[in-house]
Amino acid sequence: MKLTGREKSELFFEGVVTVILLLLLNLSIVVLINQAIAHNPGLQNGIFEIKRSIKLGPTNYQLWSYENLFVVLMLIADGIVLYWRLIRRYKQMQLRHIISELHYIAAGHFDHRIGFSLTGDTQRVVESVNALVDSAIHSMDEEREIERSKDALITNVSHDIRTPLTSIIGYLGLIENHQYQSSEDLVKYTHIAYNKATQMKSLVEDLFEYTKVRQTETPLTISRLNVTAMMEQLAASFELEANKKHLKIEVETGTAPIYLEADAEKLGRVFNNLITNAFKYGTGAHKVILQAEQRGEEVVIRVANDGERIPADSLGMLFERFYRVEESRSKATGGSGLGLAIAQSIVQHHGGYIYAQSDDALTSFVIHLPVKHDHPLTKKEQKIAN
């Protein structure tokens with residue numbers, strides 16, 4: 001930290017005043033001691049005897065003048081006091097600079113940080129202030145993101161509910177006003193209204209599920225789960241649907257069974273969402289691959305397909321609520337856009353994390369889960385392949 005000219009003058013003046021006061025104090029003490037000795041013969045004799053008994057060094061040097069020793073000791077004490085006073089005033093100046101920087105930041109300059117380096121506890125104060133400002137800025141950014149997310153949520157929910165609701169009202173209105181020409185038209189209109197109502201029901205259920213899994217206080221039913229057997233069961237349950245879409249499901253888990261502690265029902269929901277997602281969006285895919293392997297204290301599970309590559313700028317947003325790579329939000333090409341957000345919330349609730357990778361060969365959703373539920377994984381930087 002650089003001192004201003006005024007602050008240097010303050011330090012100099014402080015040093016001069018302190019030296020003068022100390023010299024006056026020393027002189028006063030010397031005068032008082034001399035007067036006390038002069039008026040007390042017993043004290044004079046005692047001091048004389050002490051001088052005779054004190055011998056210093058190999059030559060047995062005797063200290064006959066106490067004043068020289070006293071002056072040296074007083075000068076040492078004066079130096080300590082002077083150093084303490086100057087350091088104290090310097091730290092006060094440092095604190096004044098820190099307060100000034102805080103007022104500058106509080107005035108709205110949130111991109112500013114205290115840039116000077118100090119020592120000791122004062123430096124820790126500076127680091128704590130900078131960390132506090134960073135945390136506050138991060139919280140403000142998160143709050144803005146939450147508000148943006150809420151606005152997007154309202155917009156997307158409104159769109160996804162309004163579209164089928166408009167169709168339902170329209171076709172039911174035709175039925176209510178008897179604007180149909182035959183019983184076949186009546187059945188047709190009723191069927192369309194029913195399908196649209198089913199879409200709305202599915203969206204509401206996804207919203208309810210997403211809200212439920214986002215609540216961290218929701219308890220998990222933890223049991224020891226055989227991941228290898230679960231992969232085989234998933235492949236068998238989706239085999240019929242895969243055949244309809246001309247897809248093949250492959251399971252790669254190795255020969256040894258893999259176990260972890262998890263909520264089987266909720267984890268099954270994650271895999272169902274990922275496999276269903278691969279069926280819906282894996283355009284041009286010929287196979288869906290389920291992989292699982294244990295790496296020390298974590299299990300890595302991968303759900304992949306060899307369909308079209310996901311654009312790099314979409315990978316980081318796949319787990320956002322209602323986000324879909326296909327922007328038209330047509331029900332013919334996808335679901336509500338909540339499946340991956342639900343999957344991410346469940347994985348995080350288990351103490352793990354999930355991310356997506358996509359290249360020309362495979363599009364993969366990779367899940368890292370702890371083997372022991374009470375030992376959550378440390379969040380690693382997610383490297384997404386382009």
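Structure shown above.
All values reported here derive from a predicted model rather than from experimental measurement.

Enquirer: What's the story with the overall build of the protein in this structure? I'm lost.
Expert: Regarding its fold elements, the protein presents ten helices and nine strands. Counting across all 386 residues of the protein, residues that qualify as buried make up 33%. Put simply, 67% of the contacts in the protein that link residues at least 6 apart link residues at least 24 apart. Accessible surface computed for the protein: about 23,900 Å², of which carbon and sulfur atoms make up 58%.

Enquirer: I would appreciate a short explanation of the pairing of strand β6 (residues 287–295) in the present structure.
Expert: Successive side chains on a regular strand alternate, one facing one side of the sheet and the next facing the other. For strand β4 (residues 248–252) and β6, the ladder comprises five bridges, and the chain directions are parallel. Considered in β6, the bridge of Val 251 is made with Leu 290. As paired strands, β6 and strand β7 (residues 298–305) are joined by eight bridges and run antiparallel to one another. Following the sheet pairing, Arg 295 is matched in β7 by Glu 298. Counting the residues that bridge the hairpin from β6 to β7 gives two residues, and of these Gly 296 lies at a positive phi of roughly 65°.

Enquirer: Can you walk me through the packing of helix α6 (residues 227–237) against helix α8 (residues 264–281) in this structure?
Expert: Helices that pack against each other are described as a pair by the angle of their axes relative to one another and the distance between those axes. Close contact between α6 and α8 brings their axes to 11 Å; oriented N to C, the two are set at 45°. The orientation of α6 relative to α8 falls into the category oblique. In the packing of α6 onto α8, the handedness of the crossing is right-handed. Only Ala 264, Leu 267, Gly 268, Phe 271, Asn 272 and Ile 275 of α8 make contact with α6, whose side of the interface consists of Met 230, Met 231 and Leu 234. Residue composition of the contact of α6 with α8, grouped by class: seven nonpolar, two polar and no charged.

Enquirer: Sorry if this is basic, but what is going on with the packing of α8 against helix α10 (residues 339–349) here?
Expert: The contact between α8 and α10 brings their axes to 9 Å, and the two run at 150°. Crossing handedness for the pair α8 and α10: left-handed. The segment α8 lies against α10, with Lys 266, Leu 267, Arg 269, Val 270, Asn 273, Leu 274 and Asn 277 engaging Gly 339, Leu 340, Ile 342, Ala 343, Ile 346 and Val 347. Grouping the amino acids of the contact of α8 with α10 by side-chain chemistry returns eight nonpolar, three polar and two charged.

Enquirer: Any chance you could explain α8 here in plain terms?
Expert: Across its 18 residues, α8 extends 26 Å between first and last C-alpha, which sits within 8% of the 26 Å expected from 1.5 Å per residue. Those residues of α8 that fall on the buried side of the exposure criterion are Lys 266, Leu 267, Gly 268, Val 270, Phe 271, Asn 273, Leu 274, Ile 275, Asn 277, Ala 278 and Phe 279. A side-chain oxygen of the first residue of α8 lies 3.1 Å from the backbone nitrogen of Glu 265; this N-cap is Asp 263.

Enquirer: Just checking my understanding: could you explain α6 for this structure?
Expert: It helps to recall that an α-helix has 3.6 residues per turn; residues three or four apart then point in one direction. For α6, every residue scored as buried is listed here: Val 227, Thr 228, Met 230, Met 231, Leu 234 and Ala 235. End-on view of α6: buried residues confined to an arc of 165°, all on one side of the axis. Projecting away from the buried face of α6 at angles above 90 degrees are the exposed residues Gln 233, Ala 236 and Ser 237. Where α6 begins, the capping side chain belongs to Asn 226, and its oxygen is found 3.1 Å from the backbone nitrogen of Thr 228.

Enquirer: Would you take a moment to explain a nonpolar patch on the surface for this structure?
Expert: A grouping of Phe 12, Phe 13, Val 16, Val 17, Ile 20, Leu 21 and Leu 24 is seen on the molecular surface, where their side chains present a nonpolar patch of about 700 Å² in accessible area. As for its placement among the helices and strands, Leu 24 is situated in helix α1 (residues 5–38).

Enquirer: Looking at this structure, I do not really get the nonpolar core. What am I missing?
Expert: Generally speaking, nonpolar side chains in soluble globular proteins are found buried as a group. Of all hydrophobic cores here, the largest spans 49 residues; its most connected members are Phe 271, Ile 301 and Ile 367. Each residue touching Ile 367, except ones within four places of it in the same chain, is listed here: Val 270, Phe 271, Leu 274, Val 299, Val 300, Ile 301, Val 347, Tyr 353 and Ile 354. Counting residues in hydrophobic clusters, the runner-up holds nine residues, among them Ile 98, Ile 114, Val 133 and Ile 137.

Enquirer: Help me understand the environment of Ser 358, please; the structure alone is not making it clear to me.
Expert: Its place among the elements puts Ser 358 in strand β8 (residues 353–358). In this structure the C-alpha to C-alpha distance between Ser 358 and Ala 312, which are 46 residues apart in sequence, comes to 7.7 Å. At a separation of 2.8 Å, a polar atom in the side chain of Ser 358 contacts the main-chain amide nitrogen of Ile 310. Only 2.8 Å separates the side chain of Ser 358 from the side chain of Thr 363, close enough to count as a polar contact.

Enquirer: Whenever I open this one, the packing of aromatic side chains confuses me. Can you help?
Expert: Where two aromatic rings form a pair, the distance of their centres and the angle of their planes describe that pair. For the structure on display, the rule yields three aromatic pairs. Their ring planes at 70° and their centres at 5.8 Å tell us that Phe 238 and Phe 279 sit as a pair that is edge-to-face. Here the residue Phe 238 occupies a position in the loop between α6 and α7 (239–244), and Phe 279 occupies one in helix α8, the gap between them amounting to 41 residues. One exposure class covers both Phe 238 and Phe 279, and it is buried. Considering the side-chain rings of Tyr 353 and Tyr 355, the 6.2 Å spacing of their centres and the 20° angle between planes classify their relative orientation as stacked. Here Tyr 353 and Tyr 355 have matching classes, each one buried. A cation over a ring is seen here: Arg 224 above Tyr 259, with NZ or CZ 3.9 Å from the ring centre.

Thresholds, definitions, all that
Residues numbered from 1 in each chain as written. Predicted model: local features only at pLDDT ≥ 70, side-chain atom pairs only at ≥ 80, totals over all residues. Heavy atoms only, no water. Helix = DSSP H or I, 4+ residues; strand = E, 2+ residues; numbered from the N terminus. Buried < 20%, exposed > 50% of the residue type's maximum accessible area, 1.4 Å probe, protein only. Contact = heavy atoms within 4.5 Å. Areas by Shrake-Rupley, 256 points an atom, 1.4 Å probe, with all protein chains shown as cover. Pairing = 2+ DSSP bridges. Axes fitted to C-alpha atoms, helices over the stretch in contact; angles between N-to-C directions. Parallel < 35°, antiparallel > 145°, perpendicular 65-115°, else oblique. Left-handed = near helix turned anticlockwise from the far one by under 90°. Nonpolar A, V, L, I, M, F, W, Y, C, P; charged D, E, K, R; others polar. Expected span 1.5 Å × (residues − 1). Polar contact = N/O pair within 3.5 Å; in protein donor to acceptor, adjacent residues only side chain to side chain. Arc of directions from axis to C-beta. Patch = residues over 30% accessible without salt bridge, like charges linked within 9 Å, V, L, I, M, F, W, Y side chains within 5 Å. Salt bridge = Lys/Arg side-chain N within 4 Å of Asp/Glu carboxyl O. Core = buried A, V, L, I, M, F, W, Y, C linked by side-chain atoms within 4.5 Å. Phe/Tyr/Trp six-rings, centres within 6.5 Å; stacked < 30°, edge-to-face > 60°. Lys NZ or Arg CZ within 6 Å of the ring centre and 35° of its normal.

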